[in-house]
Amino acid sequence: MATSNVKQALGDLNKESFVSLLTKIIGESKFLQNNPPELIPEEDRVVNHVLDCLRPYSTATGGGPLVINHVTYFPGRGNLIVEYPGTQPGKILSFVGMHMDVVTANPNDWEFDPFSLSIDGDKLRGRGTTDCLGHVALVTELMKRLAETKVKLKSTVVAVFIANEENSAITGVGVDALVKAGLLDKLKGGPLFWIDTADKQPCIGTGGMIPWKLHVTGKLFHSGLAHKAINALELGMEALKEIQLRFYKDFPPHPNEQVYGFATPSTMKPTQWSYPGGGINQIPGECTISGDVRLTPFYNVKDVMTKLQEYVDYINENISKLDTRGPVSKYILHDENIRGSLTLTFDEAMSGVACDLDSRGFHVLCKATEEAVGHVKPYSITGSLPLIRELKDEGFDVQTAGYGLMATYHAKNEYCLLSDMCEGYLVFASIISQLED
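Small disclaimer: the values here were computed from a predicted structure and weren't measured.

Topic: the overall build of the chain
Phase 1 of the analysis: Across its full length, the chain carries 11 helices and 20 strands.
Phase 2 of the analysis: Overall, the chain is about 85 × 45 × 40 Å in size when its C-alpha atoms are taken along their principal axes.
Phase 3 of the analysis: Per-residue burial for the chain yields a buried fraction of 54% across its 437 residues.
Phase 4 of the analysis: Long-range pairs, those at least 24 residues apart, make up 80% of the contacts in the chain with a sequence separation of at least 6.
Phase 5 of the analysis: As displayed, the chain has an accessible area near 18500 Å², and 51% of this comes from carbon and sulfur atoms.
Phase 6 of the analysis: Averaging the positions of the 40 positive and the 53 negative side-chain charges in the chain gives two centres separated by 1 Å.

Written out as structure tokens, the structure is:
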């Protein structure tokens with residue numbers, strides 16, 4: 001079918017239908033919060049609403065062309081693969097990454113109820129409107145329109161709605177399990193658009209993330225006898241300063257960061273500090289500093305982890321060379337044969353991605369964005385998205401986009417704009433039509 005005919009058949013987003021579906025989905029968001037072990041999402045609550053919308057057009061019911069596969073690896077936590085078959089074998093494009101879990105929300109901190117959809121002019125308000133339940137509803141409407149119109153396409157269009165994106169404490173539930181099972185293999189045949197970013201522009205680069213913990217051991221003692229203590233807080237501060245200095249020397253701003261438009265280079269910084277507690281007159285004998293590395297995709301995550309461990313090993317071996325704070329501050333008590341020490345551990349790390357700027361998928365996304373939004377300005381951030389680097393390394397043409405608002409991403413009082421979602425729908429329609437040529 002000619003490009004213009006595909007666009008004409010798909011038309012504009014059905015706003016009434018979209019808002020109605022989003023109202024039902026946001027109404028489940030209290031049960032979609034992902035923060036184990038306290039909060040484990042029930043993504044099938046969303047799956048059921050999507051199925052209610054698409055099942056009348058499913059081959060399973062004889063009502064239409066959609067091939068629907070509800071894939072579950074953990075009770076109540078399903079994924080959904082929806083396929084609109086094309087006529088040309090192997091010709092395919094996919095929209096992936098629309099996740100059905102959300103980050104937590106405390107209603108006491110919000111100006112409106114986070115767990116129900118409210119509408120304020122163009123604003124659609126509630127937890128998940130931007131990230132990522134708005135995209136779940138949007139792509140559902142796209143697949144519904146394809147099925148309603150039965151537009152004849154060469155390309156097969158696949159939508160993959162996923163579980164368990166917001167937290168990696170539990171694995172084997174979402175897209176990682178789908179990839180392992182080979183259920184996404186055929187998507188390698190064409191562009192894969194990961195729909196979970198924001199601000200309507202192509203996101204061409206993301207950051208890797210390395211969560212780290214630095215446990216500091218000193219010696220607890222009375223603050224009036226500071227010469228008999230090893231102050232774990234002071235040791236932690238000085239050690240962290242040395243580690244950061246070495247990190248920024250070994251992983252400086254990379255030339256490709258300007259090409260991709262990264263707002264920041266790689267960073268290594270503390271975000272949390274804890275200690276067992278004690279009186280104001282006690283010098284702490286231990287503490288833990290936690291933080292993360294956000295790494296542009298031009299550096300290797302494993303190389304950084306190795307280097308960080310080398311820094312800590314060096315400090316431990318040369319702890320007397322570390323700067324101190326005042327005339328009795330020290331990290332070795334020779335008369336007691338006690339040395340301060342550092343222990344570095346990591347939680348699960350992930351790699352960033354630099355999308356292929358020469359691929360068909362990228363050029364199609366840019367043209368579609370220019371048509372629908374009026375301009376195109378790709379950007380990169382050191383925020384992280386799970387698994388897309390692995391997909392790219394396995395041969396997928398991964399591109400990323402999204403139509404919520406970065407300013408409300410994971411934030412209190414989250415909302416998206418209906419007008420932005422309408423433009424997102426037009427981007428999808430343009431992508432499908434362009435890939436027919």
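Following the structure, the description resumes.
Examining the UniProt feature "domain: Peptidase M20 dimerisation" (unreviewed entry) in the chain
Phase 1 of the analysis: In the UniProt entry, the feature "domain: Peptidase M20 dimerisation" (unreviewed entry) is given for residues 204–316.
Phase 2 of the analysis: As annotated, residues 204–316 comprises 35% helix and 31% strand, and the C-alpha atoms at either end are separated by 40 Å.

Here's the deal with a nonpolar patch on the surface
Phase 1 of the analysis: There is a patch of nonpolar side chains on the surface, built from Ile40, Tyr73, Phe74 and Leu183 and spanning about 320 Å² of accessible area.
Phase 2 of the analysis: Along the chain, the position of Leu183 falls in the loop between helix H5 (175–180) and strand S7 (191–195).

So, the sheet that holds strand S9 (residues 208–217)
Phase 1 of the analysis: Strand order in the open sheet formed by four strands is S11-S13-S9-S16, with antiparallel pairing between adjacent strands. Edge positions in the sheet fall to strand S11 (267–274) and strand S16 (341–346), since each has one partner strand and no second. Here the strands of the sheet are splayed against their neighbours by 25° on average, with no regard to which way each runs.
Phase 2 of the analysis: The pairing of S9 with strand S13 (residues 286–295) spans 10 bridges and is antiparallel.

Considering helix H3 (residues 44–54)
Phase 1 of the analysis: The element H3 is extensively covered by neighbouring structure, given that eight of its 11 residues are classed as buried.
Phase 2 of the analysis: For H3, the set of buried residues is Asp44, Val46, Val47, His49, Val50, Leu51, Cys53 and Leu54.
Phase 3 of the analysis: Summarising the contacts, the buried residues of H3 are in contact with helix H2 (15–26), strand S1 (67–72), strand S2 (78–84), helix H4 (133–149) and strand S6 (156–162).

Regarding the pattern of salt bridges
Phase 1 of the analysis: Inspection of the entire model under this criterion finds 18 salt bridges.
Phase 2 of the analysis: A salt bridge links Glu148 to Arg145, with the nearest nitrogen and oxygen atoms 3.8 Å apart. Pair noted here: Glu148 and Arg145 are both in helix H4, with a separation of three residues, about one helical turn.
Phase 3 of the analysis: Residue class for Arg145 comes out buried when judged on its relative accessible area of 15%.
Phase 4 of the analysis: With a shortest N-O distance of 2.8 Å, Arg325 and Glu238 are connected by a salt bridge. Note that Arg325 is positioned in the loop between helix H8 (301–317) and strand S14 (332–333) and Glu238 in helix H6 (residues 232–250), a separation of 87 residues in sequence.
Phase 5 of the analysis: Shared partners join several salt bridges into a network, and the residues in it are Glu28, Glu42 and Arg45.

A closer look at the side chain of Thr206
Phase 1 of the analysis: Secondary-structure assignment places Thr206 in strand S8 (residues 203–206).
Phase 2 of the analysis: The residues touching Thr206, leaving out its near neighbours within four places in the chain, are Phe262, Leu295, Pro297, Gly352, Val353, Ile381, Gly383, Leu385 and Ile388.

Quick word on the sheet that holds strand S4 (residues 118–120)
Phase 1 of the analysis: The sheet built from three strands is open, its strands ordered S4-S5-S20 with antiparallel pairing. Two strands close off the open sheet at either side, each with one partner strand: S4 and strand S20 (415–417). Going across the sheet, the axis of each strand differs from the next one's by a mean of 25°, ignoring polarity.
Phase 2 of the analysis: Note that S4 and strand S5 (residues 123–125) share three bridges and pair antiparallel. Counterpart to Ile119 in the pairing with S5 is Leu124.
Phase 3 of the analysis: With respect to the sheet, helix H11 (residues 418–434) is in contact with S5 and S20, its orientation differing from that of S20 by roughly 60°.

Thoughts on H6
Phase 1 of the analysis: Taking 1.5 Å of rise per residue, 19 residues should cover 27 Å, and H6 covers 27 Å from first to last C-alpha, within 8% of that figure.
Phase 2 of the analysis: Along H6, the residues that are buried comprise Ala232, Glu234, Leu235, Gly236, Glu238, Ala239, Leu240, Ile243 and Phe247.
Phase 3 of the analysis: Looking at the buried positions of H6, the neighbouring elements they touch are S9, S11, S13, H8 and S16.
Phase 4 of the analysis: Taking the backbone nitrogen of Leu233 as reference, a side-chain oxygen 2.9 Å away marks Asn231 as the first, capping residue of H6.

Details of the pairing of S13
Phase 1 of the analysis: When you tally the buried positions in S13, you get nine out of 10 residues, the bulk of the element.
Phase 2 of the analysis: Across seven bridges, the pairing between S11 and S13 is antiparallel. Opposite Thr267, over in S13, you have Arg294 as the bridge partner.

Structural notes on the packing of aromatic side chains
Phase 1 of the analysis: Using the criterion set out here, one finds nine aromatic pairs in the structure.
Phase 2 of the analysis: Considering the side-chain rings of Phe247 and Tyr248, the 5.1 Å spacing of their centres and the 85° angle between planes classify their relative orientation as edge-to-face.
Phase 3 of the analysis: Judged by relative accessible area, which is 0%, Phe247 ranks as buried.
Phase 4 of the analysis: Measuring from ring centre to ring centre gives 5.5 Å for Tyr260 and Phe298, while their planes differ by 55°; the resulting arrangement is tilted. Taken together, the residues Tyr260 in helix H7 (residues 256–260) and Phe298 in the loop between S13 and H8 connect sequence positions 38 residues apart. By the burial criterion, Tyr260 is buried, and Phe298 matches it.
Phase 5 of the analysis: Its end group placed over the ring of Tyr415, Lys123 keeps NZ or CZ at 4.6 Å from the ring centre.
Phase 6 of the analysis: Across the ring face of Tyr314, the terminal group of Arg246 is positioned such that the distance to the ring centre comes to 4.4 Å.

What counts and what doesn't
Residues numbered from 1 in each chain as written. Predicted model: local features only at pLDDT ≥ 70, side-chain atom pairs only at ≥ 80, totals over all residues. Heavy atoms only, no water. Helix = DSSP H or I, 4+ residues; strand = E, 2+ residues; numbered from the N terminus. Buried < 20%, exposed > 50% of the residue type's maximum accessible area, 1.4 Å probe, protein only. Contact = heavy atoms within 4.5 Å. Areas by Shrake-Rupley, 256 points an atom, 1.4 Å probe, with all protein chains shown as cover. Lys, Arg positive; Asp, Glu negative; His and termini not counted. Charge placed at Lys NZ, Arg CZ, Asp CG, Glu CD. UniProt positions renumbered as here; feature names shortened; annotations may be inferred. Patch = residues over 30% accessible without salt bridge, like charges linked within 9 Å, V, L, I, M, F, W, Y side chains within 5 Å. Salt bridge = Lys/Arg side-chain N within 4 Å of Asp/Glu carboxyl O. Pairing = 2+ DSSP bridges. Axes fitted to C-alpha atoms, helices over the stretch in contact; angles between N-to-C directions. Expected span 1.5 Å × (residues − 1). Polar contact = N/O pair within 3.5 Å; in protein donor to acceptor, adjacent residues only side chain to side chain. Phe/Tyr/Trp six-rings, centres within 6.5 Å; stacked < 30°, edge-to-face > 60°. Lys NZ or Arg CZ within 6 Å of the ring centre and 35° of its normal.

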